[in-house]
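So the chains spell out like this:
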Amino acid sequence: MKKLCILALALILAAGLCVSACAETVRIAVTAPLTGNLSQYGESFKNSVELAEKQWNEKGGVLGSEVEVEIFDTAGDSAQSATVAQKITGDGSYFAEVGDFNTACCLAAQPIYDAAGMLQVSPTCSAVNFAVGSKWSFECLGTQDVQGEFMATWAYENGARKVAVLYLNSDWGISVDQGFAKAFVALGGEIVIEEPYNDGETDFSAALTKLRETEPDALYIACYYNDGAAINIQRETLGWDIPVYHPGTVYSSDFLSIGGSAVEGVLTNVGFYPDDPTPEAAGYIEEYTADYGVAPDYYGACAYDAINVLLTAVEKTGELDSEKVRETLAATEGYEGVSGSITFDENGDAHKTYIKLTVKDNTYVVVR
């Protein structure tokens, strides 16, 4: 009996030490596509949040506690994202989640984080129906309504009056299409055709031929970098020379290396451009490049801002209380991130500004 009591006491003490150790760590779960077609974005997420983790811990952590980041791979798949969300919320040791990259993953996981009362801060989900869907959800990129208006205005100012749209048939792609089309029509332009394509398609020649027959002034393609490169290569093969606009999702070195001459002259936007950094971004770019051997991209910068704006809210709140931190985060105004200033509206959507880019000599350059 004495031995059993000693053993029980030892277990209780061990449990107490575990609780104490957990209390000394602020654990943040990060979800990203580390594998699959979107893995380049996932790698940028991973590098940036780990850099932020290192920087916070070098200055003493958050509220005197060490920051611990754990990365979960969702492969850009909505079903896997939901499974990962169940694992994160079921664990009980994570304070908040930063992620995911794409709309489908964010929306699939949202009800799970919402039910758990866990903060979900997406660096890059821009769908208009995301942040408004839960009081616990925030996004740091800006919605497709805002980005769509930016790109539509640019196309209209460049003289386009009839635009054909090719878009990925997903929640995100539909949101991008609608954001651009609504703004372009409001300016007085005409959307002559809106043609969807399915994820996994590789032959776009029939769709491009169909779009070409409508005789547009410009082409707007809502896609990620891998599809964008393939679509432009096939457009070039068809001999169709036309101004091409893309959302910022094509801002990737792989888009340039895969697309080659076919993406020359393509027009897109970002909120962060490492070759022309703001004072807030300069230190991030320097340290990221030193640590990883390459310059960060836009989406990595957004991930860096997402975890930093979250941890800043924790620090400002003064305690690890989810509801109180949520209120502090919701009140964020004029946070100077590396991807631009962040102010959250009543839905949890960030208001951002954007930079015009084009591809010239196989590199991205600012359009003044």
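It should be emphasised that the depicted structure is a prediction, and the values quoted were computed from it without experimental measurement.

Caption draft 1: Highlighting the nonpolar core. Grouped together as the largest cluster of nonpolar side chains are 101 residues, with contacts concentrated most on Ile-28 and Phe-180. Considering every element that reaches this core, the biggest residue donor is helix H11 (residues 298–317), with 13 residues. Discounting residues that sit within four places of it in the chain, Ile-28 has contacts with Glu-68, Val-69, Glu-70, Tyr-94, Phe-95, Ala-96, Val-98, Ile-307, Leu-310 and Leu-311. Membership of the second largest hydrophobic core comes to eleven residues, among which are Ala-29, Tyr-94, Ala-109 and Met-118.

Caption draft 2: Representation of unusual backbone geometry within the structure. The omega torsion of the bond from Gly-99 to Asp-100 falls at -5°, within 30 degrees of zero and hence cis. Mapped onto the elements, Asp-100 comes out in the loop between strand S3 (96–98) and helix H4 (103–116). In this model, Glu-215 sits at a positive phi of 55°, which is unusual for a non-glycine residue. Judged by relative accessible area, which is 60%, Glu-215 ranks as exposed. Of note, Asp-361 is a non-glycine position whose phi angle comes to about 55°, a positive value. When its relative accessible area of 62% is taken as the criterion, Asp-361 is described as exposed.

Caption draft 3: Quick peek at the pattern of salt bridges. Per the counting criterion, the structure on display carries twelve salt bridges. With a shortest N-O distance of 3.2 Å, Arg-368 and Asp-276 are connected by a salt bridge. Of this pair, Arg-368 sits in the segment after strand S15 (363–366) while Asp-276 sits in the loop between strand S10 (267–270) and helix H10 (279–292), and the two are 92 residues apart along the sequence. Between Glu-323 and Arg-326 there is a salt bridge; the shortest N-O distance is 3.0 Å. Of this pair, Glu-323 and Arg-326 both sit in helix H12 (residues 322–330), three residues apart, which is roughly one turn of that helix. By relative accessible area, which is 26% here, Glu-323 ends up partly exposed. Connected through shared salt-bridge partners, Arg-27, Glu-68, Glu-70 and Asp-91 make up one network.

Caption draft 4: Structural context of the packing of aromatic side chains. Enumeration according to the criterion identifies 22 aromatic pairs in this entry. Measuring from centroid to centroid gives 5.7 Å for Phe-180 and Phe-184, while their planes differ by 10°, and the two rings are stacked. A residue pair is termed a helical-turn pair when its members lie 3 or 4 positions apart in one helix, as Phe-180 and Phe-184 do in helix H6 (residues 171–186) at four residues. Each of the two residues, Phe-180 as well as Phe-184, counts as buried. An aromatic cluster of at least three residues, connected via ring pairs, comprises Tyr-41, Phe-45, Phe-101, Trp-172, Tyr-224, Tyr-225, Tyr-298 and Tyr-299. We note Lys-59 situated over the ring of Trp-56; from NZ or CZ to the ring centre the distance is 4.0 Å. Above the face of the Tyr-156 ring, Arg-161 is positioned so that its terminal group lies 3.6 Å from the ring centre.

Caption draft 5: The arrangement of the pairing of strand S7 (residues 190–197) in detail. Pairing of strand S6 (residues 162–168) with S7 involves seven bridges; the strand directions are parallel. For Leu-166, the partnering residue across the bridge sits in S7 and is Glu-195. As a crossover connection, the stretch from S6 through H6 into S7 is right-handed.

Caption draft 6: Structural detail: helix H8 (residues 225–237). With 13 residues, H8 should reach 18 Å at 1.5 Å per residue; the first-to-last C-alpha distance of 18 Å fits that figure. Restricting attention to buried positions, one finds in H8 the residues Tyr-225, Asn-226, Asp-227, Gly-228, Ala-229, Ile-231, Asn-232, Gln-234 and Arg-235. Directly beyond the C-terminal end of H8, a positive phi value near 75° is found at Gly-239.

Caption draft 7: Region of interest: the side chain of Glu-139. Position of Glu-139 among the secondary structure elements: in strand S5 (residues 137–139). Here the side chain of Glu-139 touches Ala-350 through a polar contact of 3.2 Å, landing on its backbone nitrogen. In this view, Glu-139 contacts Ser-122, Cys-125, Phe-130, Ala-131, Phe-344, Gly-348, Asp-349 and Ala-350; residues no more than four positions away in its chain are not counted.

Caption draft 8: Main features of the packing of helix H3 (residues 78–91) against H4. One way to put it is that H3 packs onto H4 with a least axis distance of 7 Å and a crossing angle of 25°. Between H3 and H4, the angle is such that the two are roughly parallel. The hand of the H3/H4 crossing is right-handed. Residues Ser-78, Ser-81, Ala-82, Ala-85, Gln-86, Ile-88 and Thr-89 of H3 lie in contact with H4, whose contacting residues are Ala-104, Cys-105, Ala-108, Ala-109, Ile-112, Tyr-113 and Ala-116. The residue makeup of the contact of H3 with H4, split by class, is ten nonpolar, four polar and no charged.

Caption draft 9: Region of the structure containing the environment of Gly-179. Note on placement: Gly-179 falls in helix H6. Spatially, the C-alpha atom of Gly-179 lies 17 Å from that of Val-244, the residues being 65 residues apart in sequence.

Caption draft 10: Highlighting empty space enclosed by the protein. For the structure on display, the rule yields one cavity of 30 Å³ or more. What the largest cavity holds in volume is close to 100 Å³. Lining the largest cavity are 16 residues, and of these Thr-124, Ser-126, Leu-141, Trp-172 and Thr-249 lie nearest its centre. Elements with a contribution of two residues or more to the lining of the largest cavity: helix H5 (144–157) and H11. A breakdown of the residues in the lining of the largest cavity according to their chemical character gives eight nonpolar, eight polar and no charged.

Calculation criteria
- Residues numbered from 1 in each chain as written.
- Predicted model: local features only at pLDDT ≥ 70, side-chain atom pairs only at ≥ 80, totals over all residues.
- Heavy atoms only, no water.
- Core = buried A, V, L, I, M, F, W, Y, C linked by side-chain atoms within 4.5 Å.
- Buried < 20%, exposed > 50% of the residue type's maximum accessible area, 1.4 Å probe, protein only.
- Helix = DSSP H or I, 4+ residues; strand = E, 2+ residues; numbered from the N terminus.
- Contact = heavy atoms within 4.5 Å.
- Salt bridge = Lys/Arg side-chain N within 4 Å of Asp/Glu carboxyl O.
- Phe/Tyr/Trp six-rings, centres within 6.5 Å; stacked < 30°, edge-to-face > 60°.
- Lys NZ or Arg CZ within 6 Å of the ring centre and 35° of its normal.
- Pairing = 2+ DSSP bridges.
- Right-handed = clockwise from strand over helix to strand, strands pointing away.
- Expected span 1.5 Å × (residues − 1).
- Polar contact = N/O pair within 3.5 Å; in protein donor to acceptor, adjacent residues only side chain to side chain.
- Axes fitted to C-alpha atoms, helices over the stretch in contact; angles between N-to-C directions.
- Parallel < 35°, antiparallel > 145°, perpendicular 65-115°, else oblique.
- Left-handed = near helix turned anticlockwise from the far one by under 90°.
- Nonpolar A, V, L, I, M, F, W, Y, C, P; charged D, E, K, R; others polar.
- 1 Å grid on protein atoms, 1.4 Å probe; cavity = no way out; pocket = protein on both sides within 12 Å on 5 of 7 lines; lining within 4 Å.
- Points joined across faces, edges and corners; volume = space filled by probe spheres on them.

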